[in-house]
Amino acid sequence: MTADRWTVVPKPNADPRVRLFCFPYAGGSATTYRTWSDVLPPDVEVQAIQLPGREWRLKEEPYRDVFPLVGELATVLKDRFDVPFAFFGHSLGALISFELARELRRRGLSLPERLFLSAHRAPHLPKELPDIHDGPDEEFYEGLRKLEGTPDELLSNDELMELLLPVLRADFEIAETYRYPPEPPLDCQMSVFGGLGDEVTNRDILQPWDQHTTKDFKLRMIPGSHFFVEESRDLILRAVFHDLMPVQRRHA
């Protein structure tokens with residue numbers, strides 16, 4: 001399968017200084033990042049990842065384990081790592097970004113210049129919440145509400161939820177069955193974001209991400225709930241732009 005099947009590139013650039021690969025939250029899609037290239041400078045090419053089981057890939061079986069997923073991503077995207085690149089991932093997308101970077105290292109491939117990791121606990125910390133991915137529908141929906149892991153407008157749309165239920169369960173299975181395999185810290189810079197109003201993912205479980213990089217680490221707390229990635233989009237993009245500037249200058 002080609003990279004085109006896995007990516008949405010709103011504004012293609014034949015010669016970008018940086019590629020920013022963006023990974024969605026549980027149940028999310030590439031659409032989350034459709035407007036980012038309107039705000040970021042044109043030499044930062046946004047490539048939004050479209051995972052199986054959503055939108056035009058709705059009929060494809062979703063992944064239920066992060067390791068086969070990042071293995072496939074490393075294979076299909078490798079030709080797009082020919083220029084400096086960075087990963088941005090929100091919630092489940094942060095976990096995917098992190099494990100994809102480690103998979104690239106295992107293969108001896110180039111690493112991201114920077115990881116932008118949003119609204120996900122440091123990976124070595126134990127999860128504190130009960131599993132919900134395999135519960136009855138009513139319990140699953142209630143769990144989604146409590147976890148603030150799915151936007152309310154989606155949960156209240158019965159027709160859409162019926163379509164998305166398989167992929168939501170699969171995405172939560174990825175998150176809930178993940179077990180951190182110890183490896184050395186990554187040699188790439190790291191920017192971590194948290195929501196000031198996020199009751200699930202607070203500063204105490206975000207700060208320990210600093211143990212997973214040997215390079216520059218930044219933690220920023222942003223106004224908003226778990227979905228501050230949409231509520232405070234411009235603040236995040238300002239920070240992304242600021243942290244990517246040294247990369248752009250080095251490769252000007």
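Going by the structure above, here's the rest.
Residues numbered from 1 in each chain as written. Predicted model: local features only at pLDDT ≥ 70, side-chain atom pairs only at ≥ 80, totals over all residues. Heavy atoms only, no water.

## A look at the overall build of the chain
- The secondary structure content of the chain amounts to 10 helices and seven strands.
- The C-alpha atoms of the chain give a radius of gyration of 17 Å, which matches the 18 Å a tight globule of 252 residues would have.
- With respect to the three principal axes, the spread of C-alpha positions in the chain is 55 × 40 × 35 Å.
- The proportion of buried residues among the 252 residues of the chain is 55%. (Helix = DSSP H or I, 4+ residues; strand = E, 2+ residues; numbered from the N terminus. Rg over C-alpha atoms; globule rule 2.2 N^0.38 Å. Buried < 20%, exposed > 50% of the residue type's maximum accessible area, 1.4 Å probe, protein only.)

## Some remarks on the side chain of E176
- Here E176 shows up in helix α7 (residues 158-177).
- A polar side-chain atom of E176 sits 3.0 Å from the main-chain amide nitrogen of I132.
- If sequence neighbours within four positions are ignored, E176 has contacts with K127, P130, D131, I132 and H133. (Polar contact = N/O pair within 3.5 Å; in protein donor to acceptor, adjacent residues only side chain to side chain. Contact = heavy atoms within 4.5 Å.)

## Section: unusual backbone geometry
- Here E55, not a glycine, exhibits a phi torsion of approximately 50°, which is positive.
- As for its position among the elements, E55 is in the loop between β3 (44-49) and α3 (66-77).
- In this structure E55 comes out as partly exposed when scored by relative accessible area, which is 39%.
- The phi torsion at S91 lies on the positive side, around 60°, for a residue other than glycine.
- Tracing the sequence through the fold places S91 in the loop between β4 (85-90) and α4 (92-106).
- Residue classification places S91 among the buried positions, given a relative accessible area of 14%.

## What to know about the sheet that holds β3
- Pairing in this open sheet of seven strands is mixed, and the strands run β1-β3-β2-β4-β5-β6-β7 from one edge to the other. Only two strands of the sheet have a single partner each, and these edge strands are β1 (7-8) and β7 (217-222).
- The pairing of strand β2 (residues 18-23) with β3 spans five bridges and is parallel. The residue of β3 that forms the bridge with L20 is V46.
- Of the strands in this sheet, β2, β4 and β5 (114-118) are in contact with α4, which crosses β4 at around 145°. (Pairing = 2+ DSSP bridges. Axes fitted to C-alpha atoms, helices over the stretch in contact; angles between N-to-C directions.)

## Brief notes about the pattern of salt bridges
- Following the criterion strictly, the structure yields 25 salt bridges and no others.
- Where R107 meets E103, a salt bridge forms, and the shortest distance between an N and an O atom there is 2.8 Å.
- Residue R220 is joined to D243 by a salt bridge in which the shortest nitrogen-to-oxygen separation is 2.8 Å. Taken as a pair, R220 in strand β7 and D243 in helix α10 (residues 233-250) lie far apart in primary sequence, 23 residues in all.
- Several salt bridges share partner residues, and in doing so they unite E99, R102, E103, R105, R106, R107 and E183 into one network. (Salt bridge = Lys/Arg side-chain N within 4 Å of Asp/Glu carboxyl O.)

## Remarks on the layout of surface pockets
- Taken as a whole, the largest pocket encloses approximately 540 Å³ of empty space.
- Lining of the largest pocket is provided by 22 residues; of these, R121, L129, L147, V200 and T201 occupy positions nearest its centre.
- Ranked by residue count, the leading element in the lining of the largest pocket is α7, at four residues.
- Looking at the lining of the largest pocket residue by residue, the class counts come to 12 nonpolar, five polar and five charged.
- There is about 330 Å³ of room inside the second largest pocket.
- In this structure, the second largest pocket is lined by 15 residues; those nearest its centre are G27, G28, S29, L154 and L164.
- Here the residues of the lining of the second largest pocket are counted per class, giving five nonpolar, five polar and five charged. (1 Å grid on protein atoms, 1.4 Å probe; cavity = no way out; pocket = protein on both sides within 12 Å on 5 of 7 lines; lining within 4 Å. Points joined across faces, edges and corners; volume = space filled by probe spheres on them. Nonpolar A, V, L, I, M, F, W, Y, C, P; charged D, E, K, R; others polar.)

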